[in-house]
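Chains, contacts and geometry: an overview
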Amino acid sequence: MPNRLRLNRRSFLRRAGLAAALPVMGCSAVRGMSKKGGRRPNVILVMTDDQGYGDLHCHGNEVIVTPNLDKLHSQSVRLTNFHVDPTCSPTRSALMTGRYSSRTGVWHTIMGRSILSRDEATMADVFSASGYATGIFGKWHLGDNYPYRPQDRGFGEVLIHGGGGVGQGPDYWGNTYFDDTYFHNGQEEKFEGYCTDIWFDNAMKFIEANKNRPFFCYIPTNAPHGPYNVAEKYSKPYRDKGIQANQANFYGMITNIDENVGRLTGRLRTLGLEENTILIFMTDNGTSAGAAGGMRGMKGSQYEGGHRVPFFLRWPGGGLGGGRDIAALTAHIDVLPTLIDLCGLKEPRGVMFDGTSLAALLQGSDEDWPARTLLVHSQRIEHPRKWRTSAVMTNQWRLINGTQLYCIQSDPFQKSNVADSHPAVVEEMRRSYEQWWADLAKGFDDYCEIVLGSDKENPTRLMSHDWHGADPAWSQHAVRNAAKSNGFWAVQVERDGEYEFALRRWPREVDKPINAAINGGKAISASKARIRIADIDQSKPVGDDDVEAKFRLKLKAGSARLETWFIDEDGQSRGAYYCYVKRL
């Protein structure tokens, strides 16, 4: 999938030692130091989930209470025309790589299409190669198995939930946002408290532990993504204002985030790190339950409300000068090139970024900033379709789905389609899209294969969230209610050998019979389990008390599709939502 002219991630990491001896090109070496000299700046990147442009008091929302984010806004350089993908994983992949999401293998949030290609160099890889301590605290959503986990992608300290949200299928069973079990450096660990508080608590421990060296701290919260669970003290003030319950909880989750941002900035001051720390706040897509700031569309939309989001950057010691807006067209793909420049990082050799460094813009030199065209789309299907839920953007225009044209400067709410009046503009923007699509489409049929049998992850726990095919069972709710769905996992057997496959309806932390119902869910009546991988197809009976169906198979190394079934007496079936694979 990666562009064939680009060195892959492994080549970059292999050559990083050589790159260390070479000078950093351009102005990075100067920008990479604080005004006082000394070490390179620290970087903290906070990205919230499903919080839109209008879900901040400083952006005109008179209902929501966000005093700490409002203060950060007043101290920051703000990119007011900053865009991301309309949904979670695509934004994360583009942010981590500086490359369009679909180029990296990511154009959905499930279905194996939320997995970041193993050949991509990530932001954490780049920081790590330049000697930074790296940590992630919160939501990864770019792969739950080797070689796609954050600990495989450059992060030295990892504390995350599974899948795309707390309580989704790949997450630890039964997590509710409170007193949950998360994955700490690859191991299950029980925590006390609220999820957002836990992410920030542990991020601050990481910061304090690395206060004497440069660090990159990534805090991608799962909040305020649904389910909208938050303590009463945060939601009640909004209900008292007459806000309906769901939105009151949503706003309460943001107020809790705001409180944690205040704790974070206070800790930076206490540790003496505020001056030489680049602190970024952004969100991953448009709002899911709040305000779009008057813009058309919400999360998932091709209109502005789906992908135009806040972006604040504060660096007191970097001489950027806060409290000002930049209206130039910018995007998530620009963040990594910008940080390479600001921090004086070793640029990954051969990587062809789709984004560009915004260092000159941030420093106030925007008079000669060139015109550019950016593109986003929201596919959310197995194989992308041309023009589906798409936006082609310039500073003046927005072309939607290839047919609707809006002058964003005079019509920011996208009410008047002027395509018929500007056919030349439509044609030029369609041509830009066609070139972009032709470049991306080379990899649309590739799979990001989960590796089986590696020493890095043995056993491997597979979950139906990553099934390829229509309508996979991606949530614990679907598992509980025995969704009649199936698909295949795209896998790569790392080496020849004997492998044990344990087909399960419930994950091992639940340990209930395949046919049992739990927590008000649905019982099933499976009588047979079946597995198919490569040229092997085997079945065995399932008893009423069986918690799993085990198969021992001799496999050859290579790519394969792994399919499973639990089959009822009447012939109806569903896949095994969980499959544990161990090389023996």
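Residues numbered from 1 in each chain as written. Predicted model: local features only at pLDDT ≥ 70, side-chain atom pairs only at ≥ 80, totals over all residues. Heavy atoms only, no water.

**Remarks on the sheet that holds strand 13 (residues 374-377)**
To keep it simple, the criterion reads: When DSSP locates at least two bridges between a pair of strands, those strands are taken to pair. Each helix is a run of DSSP H or I of at least 4 residues and each strand a run of E of at least 2, with the numbering of both proceeding from the N terminus. With axes taken as lines fitted to C-alpha atoms, and helix axes fitted only over the stretch in contact, angles between N-to-C directions fall between 0 and 180 degrees. In what follows, a contact means two residues having at least one pair of non-hydrogen atoms within 4.5 Å.
Across the sheet, four strands lie side by side as 13-14-15-16; this open sheet has antiparallel pairing. Strands with a single pairing partner mark the edges of an open sheet, and in this sheet they are strand 13 and strand 16 (404-407). Within the sheet, the average angular offset between the axes of one strand and its neighbour, ignoring direction, is 15°. Pairing of strand 13 with strand 14 (residues 390-393), which is carried by four bridges, proceeds in the antiparallel orientation. Opposite L374, over in strand 14, you have M393 as the bridge partner. Its contacts with the sheet place helix 12 (residues 423-440) against strand 13, strand 14, strand 15 (397-400) and strand 16, and it is angled at close to 65° to strand 15.

**A few points about the environment of T97**
Our working definition: Residue exposure (1.4 Å probe, protein chains only): buried if accessible area is under 20% of the type maximum, exposed if over 50%, otherwise partly exposed. Whenever a nitrogen or oxygen atom comes within 3.5 Å of another N or O atom, the pair is scored as a polar contact, on the condition that within protein one atom can donate a hydrogen and the other can accept it, and that pairs from neighbouring residues in sequence are kept only if both atoms are in side chains.
Structurally, T97 is set in helix 4 (residues 88-97). Residue class for T97 comes out buried when judged on its relative accessible area of 0%. Along the backbone, T97 and D354 are 257 residues apart, and their C-alpha atoms lie at a distance of 9.1 Å. If we ignore the near neighbours within four places in the chain, the residues touching T97 are T104, L116, E120, A121, L336 and F353. Among the polar contacts listed, one links the side chain of T97 to the backbone oxygen of S93, at a separation of 2.8 Å. From its side chain, T97 meets the backbone nitrogen of R99 in a polar contact 3.2 Å long.

**Considerations on the sheet that holds strand 18 (residues 460-463)**
Within a sheet, each strand pairs with its neighbour through backbone hydrogen bonds, oriented either parallel or antiparallel. With antiparallel pairing, four strands are arranged side by side in an open sheet as 18-26-20-23. What marks the edges here is a single partner per strand, and that holds for strand 18 and strand 23 (549-555). Going from strand to strand, the sheet's axes swing by 25° on average, the running direction of each strand aside. As paired strands, strand 20 (residues 497-504) and strand 26 (residues 578-583) are joined by six bridges and run antiparallel to one another. Looking at strand 26, one finds that E500 is bridged to K582.

**Regarding the pairing of strand 26**
The two faces of the sheet receive side chains in turn, since in a regular strand these alternate between them. The buried fraction of strand 26 amounts to five of the six residues, a majority that puts the element mostly inside the structure. Relative to strand 26, strand 18 is paired through four bridges, and the arrangement is antiparallel. Among the inter-strand pairings, R461 is bridged to a residue of strand 26, identified as Y580.

**Concerning the packing of aromatic side chains**
What counts, and what does not: Working definition: rings of Phe, Tyr and Trp (its six-membered ring) pair if their centres are within 6.5 Å, and the pair is stacked with planes under 30 degrees apart, edge-to-face with planes over 60 apart, and tilted otherwise.
Per the counting criterion, the structure on display carries 28 aromatic pairs. Look at F216 and Y218: their rings are 6.3 Å apart centre to centre, the planes differ by 10°, and that puts the pair in the stacked class. Overall, the relative accessible area of 1% leaves Y218 in the buried class. Note on F250 and Y251: the rings are 6.1 Å apart at their centroids and 45° apart in plane angle, and the pair reads as tilted.

**Here we look at helix 3 (residues 67-75)**
The following threshold applies: The arc in question is traced by the directions running from the helix axis to the C-beta atoms.
When helix 3 is considered as a whole, its buried residues turn out to be L69, D70, L72 and H73. Seen from one end, helix 3 has its buried residues packed into an arc of 160°, which puts them on one side. On the buried face of helix 3, the contacting elements are strand 2 (77-79), helix 8 (245-270), strand 9 (277-283) and strand 10 (311-314).

**Notes on the side chain of T460**
Within the secondary structure, T460 sits in strand 18. Taking relative accessible area as the criterion, T460 reaches 1% and is therefore assigned buried. Here the side chain of T460 touches E457 through a polar contact of 3.1 Å, landing on its backbone oxygen.

**Brief notes about the packing of helix 6 (residues 195-209) against helix 8**
Where we set the bar: Angles below 35 degrees are treated as roughly parallel, those above 145 as roughly antiparallel, those between 65 and 115 as roughly perpendicular, and all remaining angles as oblique. For any pair of crossing helices, the crossing counts as left-handed if the nearer helix is rotated counterclockwise from the farther one by less than a right angle, and right-handed if it is rotated clockwise. Here the nonpolar group is Ala, Val, Leu, Ile, Met, Phe, Trp, Tyr, Cys and Pro; Asp, Glu, Lys and Arg are the charged ones; every other residue, Gly included, is treated as polar.
Two elements in contact, helix 6 and helix 8, have axes whose closest approach is 10 Å; the angle formed by their N-to-C orientations is 10°. In terms of orientation, helix 6 lies roughly parallel with respect to helix 8. The handedness of the crossing between helix 6 and helix 8 comes out as right-handed. Judged by residue contacts, T196, D197, F200, D201, M204, I207 and E208 of helix 6 engage N256, I257, N260, V261, R263, L264, R267 and L268 from helix 8. Its residues assigned to classes, the contact of helix 6 with helix 8 comprises seven nonpolar, three polar and five charged.

**So, the environment of C217**
Assignment of secondary structure puts C217 in strand 8 (residues 215-220). Classification of C217 as buried rests on a relative accessible area of 0%.

**A look at the pattern of salt bridges**
Oppositely charged side chains can form a pair if their charged atoms are brought close together. Formally: Should a side-chain nitrogen of Lys or Arg be within 4 Å of a carboxyl oxygen of Asp or Glu, the pair is scored as a salt bridge.
Within this structure, the stated rule accounts for 34 salt bridges. Residue R398 pairs with E304 through a salt bridge whose shortest N-O separation is 2.7 Å. Here R398, found in strand 15, pairs with E304, found in helix 9 (residues 304-307); they are 94 residues apart in sequence, far enough to count as distant. Overall, R398 belongs to the buried group, its relative accessible area being 1%.

**Here we look at the confidence of the model for the chain**
For the record, the criterion: pLDDT gives the predictor's per-residue confidence on a scale running from 0 to 100.
The share of residues in the chain with pLDDT of 70 or more is 93%, and the mean pLDDT across the chain is 93. For residues 1-30, every residue scores under 50 in pLDDT, and the model assigns this stretch 65 contacts once sequence neighbours within four places are set aside.

**Details of unusual backbone geometry**
Peptide bonds are trans in most cases, and residues, glycine excluded, mostly fall at negative phi. For the bond from Y146 to P147, the omega torsion is 5°, close enough to zero to count as cis. Inspection of the secondary structure assignment puts P147 in the loop between strand 4 (133-138) and strand 5 (157-160). Unusually for a residue other than glycine, D179 sits at a positive phi of about 55°. By relative accessible area, which is 39% here, D179 ends up partly exposed.

**Structural notes on the packing of helix 3 against helix 8**
At a closest axis distance of 7 Å, the pairing of helix 3 and helix 8 adopts a crossing angle of 55°. One way to sum up the angle between helix 3 and helix 8 is to call them oblique. The residues of helix 8 that touch helix 3, namely those facing P67, N68 and L69, are D258, E259, V261 and G262. Here the contact of helix 3 with helix 8 is composed, by residue class, of three nonpolar, two polar and two charged.

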